[in-house]
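Spelled out, the chains give:
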Amino acid sequence: MLPIVTHSTTATTAGGPAGVDQSCGAFTASTGVNNVQVVNIPGAGGTIGLSSFVTMTGDPTTVMATGTAMLGGIELNDSPVDLTDVRPIARVAEDYDAIVVNADSPYQTIDDLVNAWSGDPGGLVWTGGSAGSIDHLIIAALAKESELDPSEITFIPKRSAWP
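Definitions and cut-offs
- Residues numbered from 1 in each chain as written.
- Predicted model: local features only at pLDDT ≥ 70, side-chain atom pairs only at ≥ 80, totals over all residues.
- Heavy atoms only, no water.
- Helix = DSSP H or I, 4+ residues; strand = E, 2+ residues; numbered from the N terminus.
- Buried < 20%, exposed > 50% of the residue type's maximum accessible area, 1.4 Å probe, protein only.
- Contact = heavy atoms within 4.5 Å.
- Areas by Shrake-Rupley, 256 points an atom, 1.4 Å probe, with all protein chains shown as cover.
- Core = buried A, V, L, I, M, F, W, Y, C linked by side-chain atoms within 4.5 Å.
- Arc of directions from axis to C-beta.
- Patch = residues over 30% accessible without salt bridge, like charges linked within 9 Å, V, L, I, M, F, W, Y side chains within 5 Å.
- Salt bridge = Lys/Arg side-chain N within 4 Å of Asp/Glu carboxyl O.
- Polar contact = N/O pair within 3.5 Å; in protein donor to acceptor, adjacent residues only side chain to side chain.
- Expected span 1.5 Å × (residues − 1).

Draft legend 1. Quick peek at the overall build of the protein. Counting secondary structure elements, the protein contains five helices and five strands. Starting at the N terminus and walking to the C terminus, you meet the elements of the protein as β-α-β-α-β-α-α-β-α-β. Classification of the 163 residues of the protein by burial places 32% in the buried group. Expressed as a percentage of contacts within the protein between residues at least 6 apart in sequence, the contacts between residues at least 24 apart total 70%. In the structure as shown, the protein presents an accessible area of about 10,100 Å², 56% of it carried by carbon and sulfur atoms.

Pasting the structure below:
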């Protein structure tokens, strides 16, 4: 059997595409495929890993797992490579997001939150995964739907959306 190298572009080793890569690596190893290697290349919303991956031509055993953050990373970092430089072969999962507040928050509904936010678009601080991640995109979409300028939101990205 051929060795398989999975190539992850996540910023951390927890969850997301890295979790998919590690799970696939464990599965393929358990089925007799040897030399399974997972390589995490963090940075710039996955575009550093993508830039590395597209240079690995001629090796049919190398695959990459990525997620929605890659789309934002490509745009935000003005990446010289994008997903037209690779061939998607499968979608393994969907990205879902939730907006949560502390239990003692004055906001009981999304309307309460949006009404307060509308009064001071830059004053409400949002946080989540990396800039360009599904978290960031959902907040920008909510701003747009609420007739707020997405460029005025205050979003503090974290290295990962995982706790």
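Draft legend 2. Structural view of the nonpolar core. If you look at the biggest cluster of nonpolar residues, it comprises eleven residues: Leu113, Val114, Trp117, Leu124, Trp126, Ile139, Leu142, Ala143, Leu148, Ile153 and Phe155. At the level of secondary structure, the elements contributing two or more residues to this core comprise helix H4 (110-119) and helix H5 (134-145).

Draft legend 3. Region of interest: H4. Along H4, the residues classified as buried are Leu113, Val114 and Trp117. Summarising the axial view, the buried residues of H4 lie within an arc of 95 degrees, below the 170-degree limit, and thus occupy one face. Across H4 from its buried face, at more than 90 degrees, point the exposed residues Asp111, Asn115 and Gly119. Contacts from the buried residues of H4 go to strand S4 (125-128) and H5.

Draft legend 4. Representation of the environment of Ile89 in the model. Secondary-structure assignment places Ile89 in the loop between helix H3 (68-76) and H4. In this structure, the C-alpha to C-alpha distance between Ile89 and Val63, residues 26 residues apart in sequence, is 9.7 Å.

Draft legend 5. Looking closely at a nonpolar patch on the surface. A contiguous nonpolar patch, built from Ile99, Ile110 and Ile138 and spanning about 210 Å² of accessible area, is present on the exposed surface. Tracing the backbone through its elements, the reader meets Ile99 in the loop between H3 and H4. Ile99 gets classed as partly exposed once you look at its relative accessible area, which sits at 35%.

Draft legend 6. The arrangement of the side chain of Ser79 in detail. Looking at the element boundaries, Ser79 is found in the loop between H3 and H4. At 2.6 Å, the side chain of Ser79 and the backbone oxygen of Val81 are in polar contact. Those residues in contact with Ser79 that lie beyond four places of it in its chain are Thr47 and Ile74.

Draft legend 7. Summary view of H5. With twelve residues, H5 should reach 16 Å at 1.5 Å per residue; the first-to-last C-alpha distance of 16 Å fits that figure. Those residues of H5 that sit buried are Asp135, His136, Ile139, Ala140, Leu142 and Ala143. An end-on view of H5 places all buried positions within 160 degrees of arc, on one side of the element. Turned more than 90 degrees from where H5 packs its buried face, Lys144 and Glu145 sit exposed. Elements in contact with the buried residues of H5: H3, H4, S4 and strand S5 (154-157). Following H5 by one or two positions, Glu147 has its phi on the positive side, about 60 degrees.

Draft legend 8. Structural context of the environment of Ala90. Looking at the secondary structure, you find Ala90 in the loop between H3 and H4. Linking Ala90 and Ala65, residues 25 residues apart in sequence, is a C-alpha distance of 9.5 Å.

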